[in-house]
Structure formats: C-alpha cells, structure tokens
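Tertiary structure, described
Okay, here's what each chain looks like letter by letter:
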Amino acid sequence: MFIFGSSLFDLSRILTRLLITSVLSTVGILCGMVPEFSWHSSQLTFNSSAYTQDVTDDQVNKYAKAVLQMESYRQQAYREITQIMDKTPPEIVCNQRDSFRSLPTTAQRIAVNYCNTSKKIVESSGLSPSQFNAITLRVRSDDSLKRRIQNEIRRLQRANN
C-alpha cells in the first residue's frame, strides 16, 4: 500500500510540474518570449522575439534594397575566399562565429569584413538586423513573401537600368 501511495505522490508531482511548465510556456509565447537552449551550454535563456504576422510593403522594399546592395559584396567575398581555399568554401553565417573557424585566417578576415559591411547596409536600409533576420527566416517557409520580395527586387533592378 505504501508503494501505491508513493506512486500517486510521484504522479501528482509530475502532473504539477507539467501544468506549471505548460502555463509558463503559454504565457511566454503570448508575451513574445521564446526559450533558447543550446546543447553546448547548460544554461537556458529567454530571448524576446518580435515576429510580425505580416511584412509590410515598406519592409519588403527595404529588405529588397538591402539584399541588392549586399549581393555584389557577397559575390566578391565568395570569389576571394574560393581563390584562397582553392575550393568551394563552407557555408558562412555572419551571426555564427563557428562557421568562420574552418577558414584560413585571410579568408576569415574577408568573411568578417563582408559581415560588417552587410550589417551596415541593413542598418542603413531602415531595418534592424533582427528585423532583417526575421524576414530572412520567414522567407524560407513563406512562398508568398518570397514572391513579394523577388518581385520587388526585379522592380528595383528595372528601375536602376
């Protein structure tokens, strides 16, 4: 009988923890707080993320202009890094320093320079880096937004020619 009572206590404790976790998660999501956990760290942190449901036409225009401005710098950096490595470089993600580590020192400098230039372009576009990154992530799963941005890029290219 004691074992059964102990099992009920354990079950009650587990259900209480589940309820508390569910409530905190729901409140966090509704407030825009997204938990972030890294397998390489024993620390759980919360970041506030503002993901809008709709990207405005003005944001699409600013995003497209920034992408167009960055493209020539990206192509140049890619060519230079490819020449240094004498092969296709690995994927480089500006906000992930680990993606730079496999590059030779000279190539790392080129990548860092490209990332710094890109950040300045984004900031001068009128979008914050977090807004730009949120749109970039959203484009990967939102075909409608992707088409809007592609159409805006084409419109801007025609206007500049």
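Scroll up for the structure.
Here is a short report on the structure shown in this document. For clarity, every value in this text was computed on a predicted model and none was experimentally measured.

**Quick notes on the pattern of salt bridges**
With the rule as written, the count across this model stands at six salt bridges. For aspartate 58, the salt bridge is made with lysine 62, and the minimal N-O distance between the two is 3.1 Å. Here aspartate 58 and its partner lysine 62 are both found in helix α2 (residues 57–85), four residues apart, which amounts to about one turn of the helix. Here glutamate 71 makes a salt bridge to arginine 74, at a shortest N to O gap of 2.6 Å. One end of the pair is glutamate 71 and the other is arginine 74, both in helix α2 and three residues apart, which spans about a single turn.

**Brief notes about the packing of α2 against helix α5 (residues 143–160)**
For the pair α2 and α5, interaxial distance at closest approach is 9 Å and the crossing angle is 60°. Put simply, α2 runs oblique to α5. Crossing geometry of α2 relative to α5 is assigned as right-handed. Residue-level inspection shows Asp57, Val60, Asn61, Tyr63, Ala64, Lys65, Val67 and Leu68 of α2 in contact with α5, the latter providing Leu145, Arg148, Ile149, Glu152, Ile153, Arg155, Leu156 and Gln157. Of the residues assigned to the contact of α2 with α5, the class counts are nine nonpolar, two polar and five charged.

**Digging into the packing of aromatic side chains**
Within this structure, the stated rule accounts for one aromatic pair. Judged by centre distance (4.6 Å) and plane angle (25°), the ring pair of tyrosine 63 and phenylalanine 132 falls under stacked. Of this pair, tyrosine 63 sits in helix α2 while phenylalanine 132 sits in helix α4 (residues 129–139), and the two are 69 residues apart along the sequence. Judged by relative accessible area, which is 8%, tyrosine 63 ranks as buried. A relative accessible area of 10% places phenylalanine 132 in the buried class.

**Some details on the state of the cysteines**
Counted according to the given criterion, the structure contains one disulfide. One disulfide in the model links cysteine 94 with cysteine 115; its S-S distance is 2.0 Å. Disulfide cysteine 94 to cysteine 115: torsion about the S-S bond roughly -85°, handedness left-handed. On the criterion of sequence distance, the pair formed by cysteine 94 in the loop between α2 and α3 (105–125) and cysteine 115 in helix α3 is long-range, its members being 21 residues apart. Overall, the relative accessible area of 38% leaves cysteine 94 in the partly exposed class.

Definitions and limits used
- For every chain, the first residue of the written sequence is number 1, and numbering continues from 1 onward in sequence order.
- Where totals are concerned, whole chains, interfaces and linings use all residues; where local detail is concerned, this predicted model gives features only for residues with pLDDT of at least 70, and gives and counts side-chain atom pairs only at 80 or more.
- Side-chain calculation: all heavy atoms of the structure are included, whereas hydrogens and water are not.
- The term salt bridge refers to a pairing of a side-chain nitrogen on Lys or Arg with a carboxyl oxygen on Asp or Glu at a separation within 4 Å.
- Under the scheme used here, helices are H or I runs from DSSP no shorter than 4 residues and strands are E runs no shorter than 2 residues, and both carry numbers assigned from the N terminus.
- Lines fitted to the C-alpha atoms define the axes, with helices restricted to the stretch that makes contact. Angles between their N-to-C directions range from 0 to 180 degrees.
- Roughly parallel means an angle under 35 degrees; roughly antiparallel means over 145; roughly perpendicular covers 65 to 115; every other angle is labelled oblique.
- Whether a crossing is left-handed or right-handed is set by the direction in which the near helix is turned from the far one by less than a right angle, anticlockwise for left-handed and clockwise for right-handed.
- Throughout, a contact is declared for two residues whenever any of their heavy atoms are within 4.5 Å.
- Each residue gets one label: Ala, Val, Leu, Ile, Met, Phe, Trp, Tyr, Cys and Pro are nonpolar, Asp, Glu, Lys and Arg are charged, and the others, such as Gly, are polar.
- Here the aromatic set is Phe, Tyr and Trp, taking the six-membered ring for Trp, and pairing holds for ring centres within 6.5 Å; pairs whose planes are under 30 degrees apart are stacked, those over 60 apart are edge-to-face, and all others are tilted.
- The buried label applies to any residue whose accessible area, calculated with a 1.4 Å probe on protein chains only, is under 20% of its type's maximum; exposed applies above 50%, and partly exposed to all values in between.
- Here, the term disulfide refers to a pair of cysteine sulfur atoms separated by no more than 2.5 Å.

Functional significance is not addressed by these values, which are geometric in nature.
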